[in-house]
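Survey of secondary and tertiary structure
Here are the chains, one letter per residue:
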Amino acid sequence: MTDHDEDKEQVDVDLYDDGSVPEFGFRQAPGAAAVFAAVRGTGPIPTAGLATRRQLRAMGLSPGGHPPVTRITWGKQGRRWAWLYAIELAVPKRIPTLAQELALDKAMAARQTCPLCKRRYYTVLPLKTLGSCLECHDGTPADPSSYSAPLATHQLAA
Ligand SMILES: [Zn+2]
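Okay, so let's go over this structure. (Residues numbered from 1 in each chain as written. Predicted model: local features only at pLDDT ≥ 70, side-chain atom pairs only at ≥ 80, totals over all residues. Heavy atoms only, no water.)

Okay, the packing of aromatic side chains next. For any two aromatic rings, the description comes down to two numbers: the centre-to-centre distance and the angle of the planes. For the structure on display, the rule yields 2 aromatic pairs. The interplanar angle of 80° and the centroid separation of 5.1 Å between the aromatic rings of Trp81 and Trp83 together place this pair among those described as edge-to-face. If you follow Arg71 out to its NZ or CZ, it ends over the ring of Trp81, 4.4 Å from the centre. (Phe/Tyr/Trp six-rings, centres within 6.5 Å; stacked < 30°, edge-to-face > 60°. Lys NZ or Arg CZ within 6 Å of the ring centre and 35° of its normal.)

Structure below.
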């Protein structure tokens, strides 16, 4: 459904309605063969050429805020058409793994960091029962290899 919503948005903008930009027929755009191969998974993702928003997405890319370069038309009298975007301007559509990693790290940091000495341990602390690490609780020396320096928790976010 989001495909349609985005397409509607683009139609409303209609930047190139004056016809000054050449339009391409289906599969005739520069690099179209490479794009189709990449979308099918039978070829590498091209670094240049033109692709529709849907094709970009299939290749793990998005227009990156850049307006379309031109459009392709197909069907009867070119009634079907789609915007074409420059692949070289496209950006990775999102970075879910890093975002997830950051969210996970944040959640884990809260459970692994002693509120008293600010050291972050590699294991989850008994914060609910003791409220701190063992060393702060009863003086049991903590193994230096079991925690990282207090400021190390920010390394991932930096
Ligand atoms: Zn502590």
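Back to the text.
Reading across the sheet, the 4 strands line up as β1-β4-β5-β2 and stay open at both edges, with mixed pairing between neighbours. The sheet terminates laterally at β1 (24-25) and β2 (50-51), the two strands that pair on one side only. Across 2 bridges, the pairing between β1 and strand β4 (residues 70-74) is parallel. Residue Phe24 lies in a different strand from β4, and its bridge partner there is Ile72. (Pairing = 2+ DSSP bridges. Helix = DSSP H or I, 4+ residues; strand = E, 2+ residues; numbered from the N terminus.)

Time to look at the coordination of the zinc ion. Donor atoms from the polypeptide that coordinate the zinc ion comprise Cys114 (SG), Cys117 (SG), Cys133 (SG) and Cys136 (SG), at 2.3 Å from the metal. Between the 4 donor atoms coordinating the zinc ion, the angles at the centre fall across 104 to 116°, so the site counts as tetrahedral. Written as a sequence motif, the donor arrangement for the zinc ion is C-x2-C-x15-C-x2-C. One end of the pair, Cys117, is in the loop between α4 (96-112) and β7 (120-121); the other, Cys136, is in helix α5 (residues 134-138), with 19 residues separating them in the sequence. Note on Cys117: relative accessible area 22%, which makes it partly exposed. Given the relative accessible area of 31%, Cys136 is considered partly exposed. (Donors = N, O, S within 2.8 Å, 3.2 Å for Na, K, Ca; no water. Tetrahedral: all angles 85-135°; square planar, octahedral: opposite > 155°, others 65-115°. Buried < 20%, exposed > 50% of the residue type's maximum accessible area, 1.4 Å probe, protein only.)

As a rule of thumb, non-glycine residues mostly have phi less than zero, and peptide bonds are mostly trans rather than cis. The phi dihedral of Lys118 is positive, around 65°, even though this residue is not glycine. With respect to the helices, strands and loops of the structure, Lys118 is situated in the loop between α4 and β7. For Lys118, a relative accessible area of 48% puts it in the partly exposed group.

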